[in-house]
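# Report on the structure
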Amino acid sequence: MERDGGGGSLFFRGLQNRSHEKMKLRTRKSTLYLSQQKRTGRGGDLLGENIYLVLFTIALRICNCFLVQTSFVPDEYWQSLEVAHHMVFNYGYLTWEWTERLRGYTYPLIFASIYKILHLLGKDSVQLLIWIPRLAQALLSAIADLRLYSLMKQLENQQVARWVFFCQLCSWFTWYCCTRTLTNTMETVLTIIALFYYPLEGSKFMNSVKYSSLVALAFIIRPTAVIPWIPLLFRHFWQEQRKLDLILHQFLPVGFVTLSFSLIIDRIFFGQNVGSFYGSHPWHWYFSQGFPAVLGTHLPFFIHGCLLAPKRYRIFLVTVLWTLLVYSMLSHKEFRFIYPVLPFCMVFCGYSLNNLKLWKKPALSFLFLSNMFFALYTGLVHQRGTLDVMTNIRELCYNNTDISSASVLMMMPCHSTPYYSHVHHPLPMRFLQCPPDLTGKGDYLVEADIFYLNPLKWLYREFQNDSTLPTHLIIFSTLEEEINPFLISNKYERTAVFFHTHFPERRTGSHIYVYERKLKGKLNQT
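What this report covers is the structure whose coordinates are included nearby. Treat the numbers as computed from the prediction; the structure is a model and nothing was measured.

Calculation criteria
- Residues numbered from 1 in each chain as written.
- Predicted model: local features only at pLDDT ≥ 70, side-chain atom pairs only at ≥ 80, totals over all residues.
- Heavy atoms only, no water.
- Axes fitted to C-alpha atoms, helices over the stretch in contact; angles between N-to-C directions.
- Helix = DSSP H or I, 4+ residues; strand = E, 2+ residues; numbered from the N terminus.
- Parallel < 35°, antiparallel > 145°, perpendicular 65-115°, else oblique.
- Left-handed = near helix turned anticlockwise from the far one by under 90°.
- Contact = heavy atoms within 4.5 Å.
- Nonpolar A, V, L, I, M, F, W, Y, C, P; charged D, E, K, R; others polar.
- Buried < 20%, exposed > 50% of the residue type's maximum accessible area, 1.4 Å probe, protein only.
- Pairing = 2+ DSSP bridges.
- Disulfide = S-S within 2.5 Å.
- Salt bridge = Lys/Arg side-chain N within 4 Å of Asp/Glu carboxyl O.
- 1 Å grid on protein atoms, 1.4 Å probe; cavity = no way out; pocket = protein on both sides within 12 Å on 5 of 7 lines; lining within 4 Å.
- Points joined across faces, edges and corners; volume = space filled by probe spheres on them.

This part takes up the packing of helix 2 (residues 51–66) against helix 7 (residues 126–155). Close contact between helix 2 and helix 7 brings their axes to 9 Å; oriented N to C, the two are set at 140 degrees. One element, helix 2, and the other, helix 7, form an angle in the oblique class. Helix 2 and helix 7 meet at a crossing whose hand is right-handed. Listed contacts from helix 7 to Leu 53, Val 54, Thr 57, Ile 58, Arg 61, Ile 62, Cys 65 and Phe 66 of helix 2 are Trp 131, Arg 134, Leu 135, Ala 138, Leu 139, Ala 142, Asp 145, Leu 146 and Tyr 149. Partitioned by chemical class, the residues of the contact of helix 2 with helix 7 number 13 nonpolar, one polar and three charged.

Take the pairing of strand 5 (residues 472–476) next. Successive side chains on a regular strand alternate, one facing one side of the sheet and the next facing the other. Judged by how many residues are buried, strand 5 sits mostly within the fold: five of five residues are covered. Residues His 472, Ile 474 and Phe 476 of strand 5 are buried on one face, and the alternating residues Leu 473 and Ile 475, pointing to the opposite face, are buried as well. Here strand 3 (residues 408–411) pairs with strand 5 via four bridges, running parallel. Along strand 5, the bridge assignment pairs Val 408 with His 472. For strand 5 and strand 7 (residues 511–517), the ladder comprises five bridges, and the chain directions are antiparallel. Residue pairing in the sheet places Ile 474 in a bridge with Val 514 of strand 7.

Glancing now at the state of the cysteines. Inspection of every chain in the model, using the stated rule, returns one disulfide. Here Cys 414 is linked by a disulfide to Cys 434, with a sulfur-sulfur distance of 1.8 Å. Where Cys 414 bonds to Cys 434 through sulfur, the torsion about that S-S bond is close to 80 degrees, and the disulfide is right-handed. Note that Cys 414 is positioned in the loop between strand 3 and strand 4 (429–431) and Cys 434 in the loop between strand 4 and helix 20 (447–453), a separation of 20 residues in sequence. Cys 434 shares its class with Cys 414; the two are buried. Here Cys 167 is not cross-linked by a disulfide; its sulfur's nearest cysteine counterpart is in Cys 349, at 5.1 Å. Using a relative accessible area of 0% as the deciding quantity, one classes Cys 167 as buried.

Glancing now at the pattern of salt bridges. A side chain of one charge can pair with a side chain of the opposite charge when the charged atoms of the two come close. Under the criterion given, the structure shown has 13 salt bridges. Salt-bridge contacts for Arg 430 lead to Glu 447; the nearest nitrogen and oxygen are separated by 2.8 Å. With a gap of 17 residues between them, Arg 430 in strand 4 and Glu 447 in helix 20 connect regions that are remote in the sequence. Judged by relative accessible area, which is 21%, Glu 447 ranks as partly exposed. Here Glu 516 makes a salt bridge to Lys 518, at a shortest N to O gap of 3.6 Å. Using a relative accessible area of 14% as the deciding quantity, one classes Glu 516 as buried. Lys 518 sits in the partly exposed class, given a relative accessible area of 21%. A single salt-bridge network, built from bridges that share partners, covers Asp 75, Glu 334 and Arg 336.

Tallying each qualifying case throughout the model produces five cavities of 30 Å³ or more. Quantified by volume, the second largest cavity comes out at close to 50 Å³. In this structure, the second largest cavity is lined by Ser 141, Ala 144, Asp 145, Gln 168, Thr 174, Cys 178, Thr 185, Thr 188, Val 189, Ile 192 and Tyr 339. Of the residues that constitute the lining of the second largest cavity, the class distribution is five nonpolar, five polar and one charged.

Written out as structure tokens, the structure is:
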């Protein structure tokens, strides 16, 4: 018995030793696994990616933000920052879309929240009011970039994901737009993040509620955001076996909640949505000019990638073509309207680069250098005068001892410059207005058009009394010669010149001039 007991105890000791060895092996395996995780970026990650990649992307977009110092379109100020400034500080100017209750307050509310926090902290300096919203937009764009990379890593592999990521980061148009306070920029951000949760073959994070919520939010911010999603939503519905469940338990609740949220905000701030009437282009404009310009030197790689990409990515190509066709039916066309489909195009460009063998290095150099040239030129040079001149106006507010008598008239195409969001002082300012005719009159002309028919006549009629003359005039260089008699007779002198563009047009000159009225008192003092 003792032997048996001793043998049994030895047997159990052997089992314990073996189990202890196994535990050690498991521990070693776990340590090895964790070290592999760290090498692959899963350990110490952020947003599901290697923390160094995340920090690099955020740092790049912050640099991107500070290297974009030009204006693109009026909406980046007048439909976001100007509205937010008016909401928080109770002065400024609201365009006709807001007075007619055609816009929604969801997007401006983001920046109004930032302004309110700065105001409560006593940090609402004009520089922070200008840059903090743009930095916030840059951060959101960085998150979208990382989501695109993560999506492609799931659907394909890390190598393809890197090429798609490279194409996304070096796209000149993305660089030009992704830090601007445009509804199109937020629409693009939400589209990319929603695509990350969209049910694609190979995706590990598909979530119908999340992606449909993001699409609904994009729709509230900009109703045309639903256009690129129509093919994707139709595909999801067609492939879903439980179609009724998808509609009743996911799409309808999400749509109800987001629409209710939008209506509550609009009820508080008296807004709704947008219609546009400015300008028209031929139906083929997006195919012949808009899309090739937005893609830039990515275009040949996009075409090449379309021929190489697997069939499961046809839905991306269908989305791009569908969006171009739908927008082609609208008379008013702009480059920024098709910005949300640009990330879809980067998928095909990445496929092209991944499959290049012989000419890969020259292709990469060409793609990077050409895009950086356009990005830096459009971000630092082209159309910068309308922002630079606001610096002069700010100096007038904060450095002038006689600010109470100062006033500014901007004789430029309407909404050429930002307004009180870039001055942050209740300085009397006026610009040539251009609200559309909502009554249906055939011979209707906006104030800006009437001015440009005969600028000199308009000035003499508008300012018959010297006491009503503004102290400062801001004009494009193309207007100077035409109104020179008025400038001389009223003692206006040019005090500042700002470069604007190398491509002047009829109403938009190469430079912006600031004229100041030299009153007799000031002349005698000098």
